Amino acid sequence: MKVNYDFSGRVVLIAGAGSGIGLAMTQACLAAGATVLASDIQVTALMALQHPSCHVARLDITDSGAVNRYVALQSVQHQRIDAAVLASGIQQRILVETMTDADWQRHMDVNLTGIFYLVRALFPVMKRQRSGAMVVFTSGLATQGWPGATAYGASKAGLIALVKSAAQELKEHGVRINAVSPGIMNTPLFQDSASAEEVAMYQRTLGVSEPEEVTPMLMHLISDGAATISGNVLERRLIPQHHPEPSESTP
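Residues numbered from 1 in each chain as written. Predicted model: local features only at pLDDT ≥ 70, side-chain atom pairs only at ≥ 80, totals over all residues. Heavy atoms only, no water.

A. Local environment of the overall build of the protein. Counting its regular elements, the protein contains nine helices and seven strands. Counting all 251 residues of the protein, 46% fall into the buried class. Taking all contacts inside the protein whose residues are at least 6 apart in sequence as the whole, residues at least 24 apart take part in 69%. Here the protein displays about 12,600 Å² of accessible surface, and carbon together with sulfur accounts for 53% of that area. (Helix = DSSP H or I, 4+ residues; strand = E, 2+ residues; numbered from the N terminus. Buried < 20%, exposed > 50% of the residue type's maximum accessible area, 1.4 Å probe, protein only. Contact = heavy atoms within 4.5 Å. Areas by Shrake-Rupley, 256 points an atom, 1.4 Å probe, with all protein chains shown as cover.)

B. Broad picture of the pairing of strand 4 (residues 83–86). Here strand 4 shows a buried face lined by Ala83 and Val85 and a second buried face lined by Ala84 and Leu86. Of the pairings in the sheet, the one linking strand 1 (residues 11–15) to strand 4 comprises four bridges and is parallel in character. Bridged to Val12 within strand 4 is Ala83. The pairing of strand 4 with strand 5 (residues 132–137) spans four bridges and is parallel. The residue of strand 5 that forms the bridge with Val85 is Val135. Taken together, strand 4, helix 4 (residues 101–129) and strand 5 constitute a β-α-β crossover, and its handedness is right-handed. (Pairing = 2+ DSSP bridges. Right-handed = clockwise from strand over helix to strand, strands pointing away.)

C. Up close: the pattern of salt bridges. The tally for this structure, following the rule as stated, stands at two salt bridges. Here Arg80 makes a salt bridge to Asp82, at a shortest N to O gap of 2.7 Å. What emerges from the salt-bridge pattern is a single network uniting Arg10, Arg80 and Asp82. (Salt bridge = Lys/Arg side-chain N within 4 Å of Asp/Glu carboxyl O.)

D. Here's a closer look at the pairing of strand 2 (residues 35–40). Among the six residues of strand 2, five are classified as buried, and the element is accordingly described as predominantly covered. Of the strand pairs in this sheet, strand 1 and strand 2 are connected by five bridges, and their pairing is parallel. Looking at the pairing, Ala15 lines up with Ser39 of strand 2. One ladder, built from five bridges, connects strand 2 with strand 3 (residues 54–58); its direction is parallel. Paired with Ser39 across the two strands is Ala57, which belongs to strand 3. Read as a crossover between parallel neighbours, the route from strand 2 over helix 2 (residues 44–49) to strand 3 is right-handed.

E. Looking closely at the packing of aromatic side chains. The final tally for this structure, using the stated rule, is two aromatic pairs. When the ring of Tyr5 is compared with that of Phe7, the centres are 5.9 Å apart and the planes differ by 55 degrees; the resulting orientation is tilted. Residue Tyr5 is classed as partly exposed on the basis of its relative accessible area of 26%. Ring centres of Phe116 and Tyr117 lie 6.1 Å apart, and the angle between their planes is 50 degrees; this geometry places the pair in the tilted category. The exposure class assigned to Phe116 is partly exposed, which follows from its relative accessible area of 35%. (Phe/Tyr/Trp six-rings, centres within 6.5 Å; stacked < 30°, edge-to-face > 60°.)

F. Structural context of helix 1 (residues 20–31). Over its twelve residues, helix 1 extends 17 Å from the first C-alpha to the last, a length consistent with the 16 Å expected when each residue adds 1.5 Å. Helix 1 sits mainly inside the fold: ten of its twelve residues count as buried. Inspection of helix 1 places Gly20, Ile21, Gly22, Leu23, Ala24, Met25, Thr26, Ala28, Cys29 and Leu30 among the buried residues, and these make up the whole buried set. At the C-terminal side of helix 1, Gly33 shows a positive phi close to 95 degrees. (Expected span 1.5 Å × (residues − 1).)

The structure is reproduced here in structure tokens:
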């Protein structure tokens, strides 16, 4: 069986579109016929796409004024914003005792406050349309923890609370918002933060997925097919790839 999406005539805003899941979703939405408003603080990969329906902008989501101006301008130019995939984020592994105030605040500014700025700016646009879907990204580290992931995990846990309450405010307006925990992904966010030992451990056990593997789930969430799904935290849990040691008995 094969699923195809037709996003013709739809406008999808993707923040953090320059790499990882954001870039994969930019390509998937363009392939489905959408007009994509692709923003990131680094736009080299987006400019290389040279797609007529991909409108690229450099955006620092920690600047609330810049976010407000960007969303307002795009909603006027394109008359609507049907969906938003808010994939911006940073991750640095820093132990609690060595973490500076600036380290902590930077994770909160990008991963939580910046996403809040985008959600807040999109509220009036989508409420006015009486339609729309937003997706943000949480992490398994929000609940299970990991050495050095205190700031990252805390910021991702905050997004769960944001989604739960925002969904309640939006439900009477036909607008949806969900959080996705995509699992271990082969993205710069993961590769630049995890140690070689950690990467090897995940490859040996849970596996490390490519960004394109999560796009079908995300395409569904922003499509009409997920019209009744809002306020949820959807976890993409992989089956452990456990290989018995020679000393273990096998059936």
